[in-house]
Amino acid sequence: MEKTRKKTTSLMVLILVAASVGIFIILPMYQTNSTNDKGSPLTNEEKLEQTLKAMQGVGEVKVYFYYGEMTDDQDANKLFSQYFRGTEQGAKNVTGMLVVSEGASDIFVKNEIRAVVSQVMQLPIHRIIIVPMENKEEK
């Protein structure tokens, strides 16, 4: 009687340990670090929007990336370097940005947005356009 009880207890412990290990292995597969409400991964624009919204005084934000045209000359010159860097042929870099923000009417907030975006995106400030968002409640 005691042998069957020990076997049953050992078997139960073994099953619980196996189940726990299985949960810890499988659970991270189904979790994503950054997703929107639809469950799909956030785009770079959406990530930047969330970050800017967290800044004081910025308010609601919309971000638009401008990708420069890639000419045949640029593509031919970069083909070799892209191969060794592992980047996809024809991948375009962000060459400019438009940021529409509720708080952009304040010059200090506008300058802070421009400085942050310039540093984060590694763009010169003359490539970043920041405009105030239309406030529909005032109309």
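Keep in mind the model is a prediction, meaning the values are calculated, not measured. (Residues numbered from 1 in each chain as written. Predicted model: local features only at pLDDT ≥ 70, side-chain atom pairs only at ≥ 80, totals over all residues. Heavy atoms only, no water.)

**Observations regarding the side chain of serine 101**
Note that serine 101 resides in strand S2 (residues 94-101). Within the local environment of serine 101, its side chain forms a polar contact with the backbone oxygen of valine 58, the two atoms lying 2.8 Å apart. If sequence neighbours within four positions are ignored, serine 101 has contacts with Val58, Glu60, Val61, Ile113, Val131, Pro132 and Met133. (Helix = DSSP H or I, 4+ residues; strand = E, 2+ residues; numbered from the N terminus. Polar contact = N/O pair within 3.5 Å; in protein donor to acceptor, adjacent residues only side chain to side chain. Contact = heavy atoms within 4.5 Å.)

**Remarks on the pattern of salt bridges**
A complete count under the given rule lists 1 salt bridge for this structure. With its nearest N and O atoms 3.3 Å apart, the salt bridge here joins glutamate 60 to lysine 53. Overall, glutamate 60 belongs to the partly exposed group, its relative accessible area being 37%. (Salt bridge = Lys/Arg side-chain N within 4 Å of Asp/Glu carboxyl O. Buried < 20%, exposed > 50% of the residue type's maximum accessible area, 1.4 Å probe, protein only.)

**Examining the confidence of the model for the protein chain**
Overall, the prediction assigns the protein chain a mean pLDDT of 76, with 65% of residues at 70 or greater. Here helix H3 (residues 72-85) is the element of the protein chain with the lowest mean pLDDT, 53, and strand S3 (residues 128-132) is the one with the highest, 92. (pLDDT = per-residue confidence, 0-100.)

**Remarks on helix H4 (residues 107-121)**
The terminal C-alpha atoms of H4 lie 21 Å apart, and with 15 residues this matches the ideal 21 Å at 1.5 Å per residue to within 8%. Along H4, the residues that are buried comprise Val109, Ile113, Arg114, Val117 and Ser118. Buried residues of H4, seen end-on, are gathered within an arc of 165° and therefore sit on one face of the element. Turned more than 90 degrees off the buried face of H4, the exposed positions are Phe108 and Gln119. Lining the buried residues of H4 we find helix H2 (44-53), S2 and S3. The distance from a side-chain oxygen at the start of H4 to the backbone nitrogen of phenylalanine 108 is 3.2 Å, and the residue carrying that oxygen is aspartate 106. (Expected span 1.5 Å × (residues − 1). Arc of directions from axis to C-beta.)

**Focus on the sheet that holds strand S1 (residues 61-67)**
If you walk across this open sheet you meet the 3 strands as S1-S2-S3, and the pairing is mixed. Looking at which strands have only one partner, the edges of the open sheet turn out to be S1 and S3. The mean angle between the axes of side-by-side strands here comes to 15°, regardless of whether they run parallel or antiparallel. Here 5 bridges tie S2 to S3, and the two strands are oriented parallel to one another. Within S3, the position partnered with leucine 98 by the bridge is isoleucine 129. Across the sheet, H2 is in contact with S1 and S2; its angle to S1 comes to roughly 140°. (Pairing = 2+ DSSP bridges. Axes fitted to C-alpha atoms, helices over the stretch in contact; angles between N-to-C directions.)

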